[in-house]
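Understanding the architecture of this molecule
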Amino acid sequence: MGRTVYVNGEYLDEADAKISIFDRGFLMADGVYEVTSILNGKMIDFDGHMVRLARSLSELEMPTPETNDEIETIHRELIRANGLIEGLVYLQVTRGAADRSFLFPEGVKSSLVMFTQVMNLMESPTAATGIKIISIPDIRWGRRDIKTIQLLAPSLGKMAAKAAGVDDAWLVEDGFVTEGTSNNAYIVQGGKIITRDLSQDILSGITRSAVLRFAREAQMDVVERPFTMTEAMEADEAFVTSATTFVTSVIEVDGQALGDGKPGLVARRLREIYLDESMKSGT
Ligand code: PDD
């Protein structure tokens, strides 16, 4: 017996879970997803992920597969059935199965798949050490605010980072950093936390929104504007945020060590606040 997963109304052993070869997620990457982190068996910011899912679906005119209540019930059942304490729940909605055509099919039910993944999030290998990043061109499409399953560009980015002997890549467009391959990007300069403002150029991270709120509550200075890699290389510190990395320090950018080459104070403090608050508010 492997994991219990959810596919279109059924809870199944992962070996028995099947999707049609005509599924538009498979044929055209016509789908969206969410990743919710689980700490102590509880979901972190579930409501935020549901709001973003609804927006992704509506931007793509994709039918909602289930009510939010039902999706919440499925999350809970998967966490329970798999005894998940720490890790994530992955959710994917695609436009469903239909004969291959560029046009959206009519009257087809969207497909909903969910599964759990065990992950060491709190004490992840990079939590204490921080990560090293390189910069690469952002070759993704123009609607990065929609969380689609077209992940080949970030995948190529992470492979380029691996080949360069570092942990991840920041994406650069028109001279400015958009975001990380699978996270939002920040620098800290002169006590100011600088991160790109929201637009169609980046994903509106659920972790980003919580971390910026906590930073402002802690009287930290937050500036939402694009920044360059030159600024990043001269920054006091840098960090990334996402549902799976929370707040993780960046200790080196394009071969340049930041500060003393160790995780910076601001990032460490924000990670601590984020984890404290998440433990309290998890559902
Ligand atoms: N990635 N930007 C991009 C391009 C992302 O793929 C992600 C998340 C984020 C951060 O969003 P959030 O804070 O809501 O996780 C920003 C997920 C974790 C993934 O693809 O695994």
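No experiment lies behind these values; they were computed from the predicted model shown.

**Observations regarding the sheet that holds strand β1 (residues 4-7)**
Across the sheet, which stays open at both edges, the six strands sit in the order β2-β1-β6-β5-β3-β4 with antiparallel pairing between neighbours. The open sheet is flanked by β2 (10-13) and β4 (42-43), the only strands paired with a single partner. Looking at chain direction, β1 and strand β6 (residues 111-118) are connected through two bridges and run antiparallel. Each residue of the ladder has a partner; that of Val-7, found in β6, is Val-113. Of the strands in this sheet, β3 (31-39), β4 and β5 (87-94) touch helix α2 (residues 46-59), which is tilted by about 175 degrees from β3.

**Side note on helix α6 (residues 206-217)**
Here α6 spans 17 Å end to end across twelve residues, near enough to the 16 Å set by a 1.5 Å rise per residue. Those residues of α6 not exposed but buried are Ile-206, Thr-207, Arg-208, Ala-210, Val-211, Leu-212, Phe-214 and Ala-215. One or two positions beyond α6, positive phi appears at Gln-219, with a value near 65 degrees.

**Comments concerning the packing of aromatic side chains**
Under the criterion given, the structure shown has seven aromatic pairs. Pairing Tyr-186 with Phe-239 gives two aromatic rings, centres 4.4 Å apart and planes at 10 degrees, and the pair type is stacked. In this pair, Tyr-186 is assigned in strand β10 (residues 184-189) and Phe-239 in strand β13 (residues 237-242), connecting sequence segments 53 residues apart. Accessibility classification places Tyr-186 together with Phe-239 in one group, the buried group. Cluster of aromatic residues (ring-pair linked, three or more members): Tyr-33, Tyr-90 and Phe-115. One residue, Arg-95, lies across the ring of Phe-104, its end atom 3.3 Å from the ring centre.

What counts as what
Residues numbered from 1 in each chain as written. Predicted model: local features only at pLDDT ≥ 70, side-chain atom pairs only at ≥ 80, totals over all residues. Heavy atoms only, no water. Pairing = 2+ DSSP bridges. Helix = DSSP H or I, 4+ residues; strand = E, 2+ residues; numbered from the N terminus. Contact = heavy atoms within 4.5 Å. Axes fitted to C-alpha atoms, helices over the stretch in contact; angles between N-to-C directions. Expected span 1.5 Å × (residues − 1). Buried < 20%, exposed > 50% of the residue type's maximum accessible area, 1.4 Å probe, protein only. Phe/Tyr/Trp six-rings, centres within 6.5 Å; stacked < 30°, edge-to-face > 60°. Lys NZ or Arg CZ within 6 Å of the ring centre and 35° of its normal.

In short, shape yes, function no, at least from these values alone.
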